[in-house]
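So the chains spell out like this:
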Amino acid sequence: MNAAHYELSHLRALEAEAVHIMREVAAELERPVLLFSGGKDSIVLLRLAEKAFRPARFPFPIMHVDTGHNFPEVIEFRDRRVAELGEELIVASVQESIDSGRAVEELGPRASRNRLQTVTLLDAIEEHRFDAAFGGARRDEERARAKERVFSFRDDFGQWDPKRQRPELWSLYNGRIRRGEHVRVFPISNWTELDVWRYIEEEGLEVPPIYFAHRRQVFRRDGMLYAVSPYVELMDGEEPFEASVRYRTVGDMSCTGGVQSEAVDIRSVVAEIATTRITERGETRADDRVTEAAMEDRKREGYF
């Protein structure tokens, strides 16, 4: 078996596992939802949902927890992609959570709305009575996410306890939950970042242009390159400059950094990712650098 054939077989095995998981959720749970940020992992989830359920409509809506401080290119892509699919999009707004007093806006040059997404997500799950939420988390992203099962159970407060998760022997998933509880489901848990990009290449999927190298006004902070935007206050000594950057992950502009790159297409991105030894969150997400347990602390509270 040559390398190309092996790689395709590997991707098809991952695809088959993910499609099986999605169909299991549709069969076992009553009101699922697919979380979609416009990022590469959730773009793959949309394609997997197509493989699982087309030509029928998805048996669940699509939902984005919108901080209001997202990259404009990603929001444009989100709206266009969902419209192309003809599916229902629910936008859960962090700004509405702030306006209603459910969340408190952070202030200062290091302020971010990223953590505020938790209450918005939990409120949306309760409002729409969702009992399962598909997410694009992968085990290779971060140590807390490496603890996740495929079916990640959350209590009636939306909280996650890694010590109280169910075994998943022989790919058997127990979706039984009590009233008020819900489950986060991660169909691409066993994928790597490189798998995701190779699948995007193989399937010919479109991604937002910020994933490719482009000239942008940025500034340097804590070893990361942030886009100059109305949502980030510069500190003394921080000077904007232009650089060729691309983004390995998308999110709130206040905490998502770019990497210097010349990778202008999917093939060159795949080659770049194949040689890196730092995960995308470790390199470009400031919110994961607060403490060693930053992600796990947020997940225990109900974060993605």
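Cut-offs used in this document
- Residues numbered from 1 in each chain as written.
- Predicted model: local features only at pLDDT ≥ 70, side-chain atom pairs only at ≥ 80, totals over all residues.
- Heavy atoms only, no water.
- pLDDT = per-residue confidence, 0-100.
- Helix = DSSP H or I, 4+ residues; strand = E, 2+ residues; numbered from the N terminus.
- Core = buried A, V, L, I, M, F, W, Y, C linked by side-chain atoms within 4.5 Å.
- Buried < 20%, exposed > 50% of the residue type's maximum accessible area, 1.4 Å probe, protein only.
- Contact = heavy atoms within 4.5 Å.
- Axes fitted to C-alpha atoms, helices over the stretch in contact; angles between N-to-C directions.
- Parallel < 35°, antiparallel > 145°, perpendicular 65-115°, else oblique.
- Left-handed = near helix turned anticlockwise from the far one by under 90°.
- Nonpolar A, V, L, I, M, F, W, Y, C, P; charged D, E, K, R; others polar.
- Phe/Tyr/Trp six-rings, centres within 6.5 Å; stacked < 30°, edge-to-face > 60°.
- Lys NZ or Arg CZ within 6 Å of the ring centre and 35° of its normal.
- Pairing = 2+ DSSP bridges.
- Right-handed = clockwise from strand over helix to strand, strands pointing away.

## Concerning the confidence of the model for the chain
(1) Moving on: Per-residue pLDDT for the chain averages 88, and the proportion of residues at 70 or more is 89%.
(2) Moving on: Averaged over each element, pLDDT in the chain is lowest for helix H9 (residues 280–284) (60) and highest for strand E1 (residues 32–35) (98).

## As for the nonpolar core
(1) Moving on: The biggest cluster of nonpolar side chains holds 59 residues, and the ones touching the most others in it are Met22, Leu34, Leu48, Phe151, Trp191 and Trp197.
(2) Moving on: The dominant element in this core, judged by the number of residues it contributes, is helix H2 (residues 40–53), at eight residues.
(3) Moving on: Those residues in contact with tryptophan 197 that sit more than four places away from it in its chain are Lys40, Val207, Tyr211, Ile266, Val269, Val270 and Ile273.
(4) Moving on: Listed in part, the 16 residues of the second largest apolar core include Val65, Ala92, Ala124 and Ile125.

## Focus on the packing of H2 against helix H7 (residues 193–203)
(1) Moving on: Taken N-terminus to C-terminus, the directions of H2 and H7 make an angle of 55°; their axes are 10 Å apart at the nearest point. Between H2 and H7, the angle is such that the two are oblique. Where H2 crosses over H7, the two elements pack in a sense that is left-handed. Contacts from Lys40, Asp41, Val44, Arg47, Leu48 and Lys51 in H2 reach Glu193, Val196, Trp197, Tyr199, Ile200 and Glu203 in H7.
(2) Moving on: Taken together, the residues of the contact of H2 with H7 sort by class into six nonpolar, no polar and six charged.

## Topic: the packing of aromatic side chains
(1) Moving on: On inspection of all chains with the given rule, the structure shows eight aromatic pairs.
(2) Moving on: Taken together, a centroid distance of 5.4 Å and an interplanar angle of 80° make the contact between tryptophan 197 and tyrosine 211 edge-to-face. Linking tryptophan 197 in helix H7 with tyrosine 211 in the loop between H7 and strand E7 (214–221), this pair joins segments that are 14 residues apart in sequence.
(3) Moving on: Here the basic side chain of arginine 166 rests over the ring of phenylalanine 153, its NZ or CZ set 3.8 Å away from the ring centre.
(4) Moving on: Geometry around tyrosine 226 places arginine 221 over its ring, the cationic atom sitting 6.0 Å from the centre.

## Brief notes about the pairing of E1
(1) Moving on: Side chains of E1 alternate between two faces, with Pro32 and Leu34 and Val33 and Leu35 buried alike.
(2) Moving on: Two elements, E1 and strand E4 (residues 132–134), share three bridges in a ladder whose sense is parallel. The partner of leucine 34 across the bridge, within E4, is phenylalanine 134.
(3) Moving on: Alignment of E1 against strand E2 (residues 62–66), held across two bridges, turns out to be parallel. Bridged to leucine 34 within E2 is isoleucine 62.
(4) Moving on: With respect to chirality, the unit in which E1 leads through H2 into the neighbouring parallel E2 is right-handed.

## Overview of unusual backbone geometry
(1) Moving on: With an omega of 15°, the peptide bond between arginine 54 and proline 55 qualifies as cis.
(2) Moving on: Structurally, proline 55 can be placed in the loop between H2 and E2.
(3) Moving on: The residue arginine 129 is not glycine, and still its phi comes out positive at about 55°.
(4) Moving on: Checked against the element boundaries, arginine 129 lands in the loop between helix H5 (117–128) and E4.
(5) Moving on: Note on arginine 129: relative accessible area 58%, which makes it exposed.

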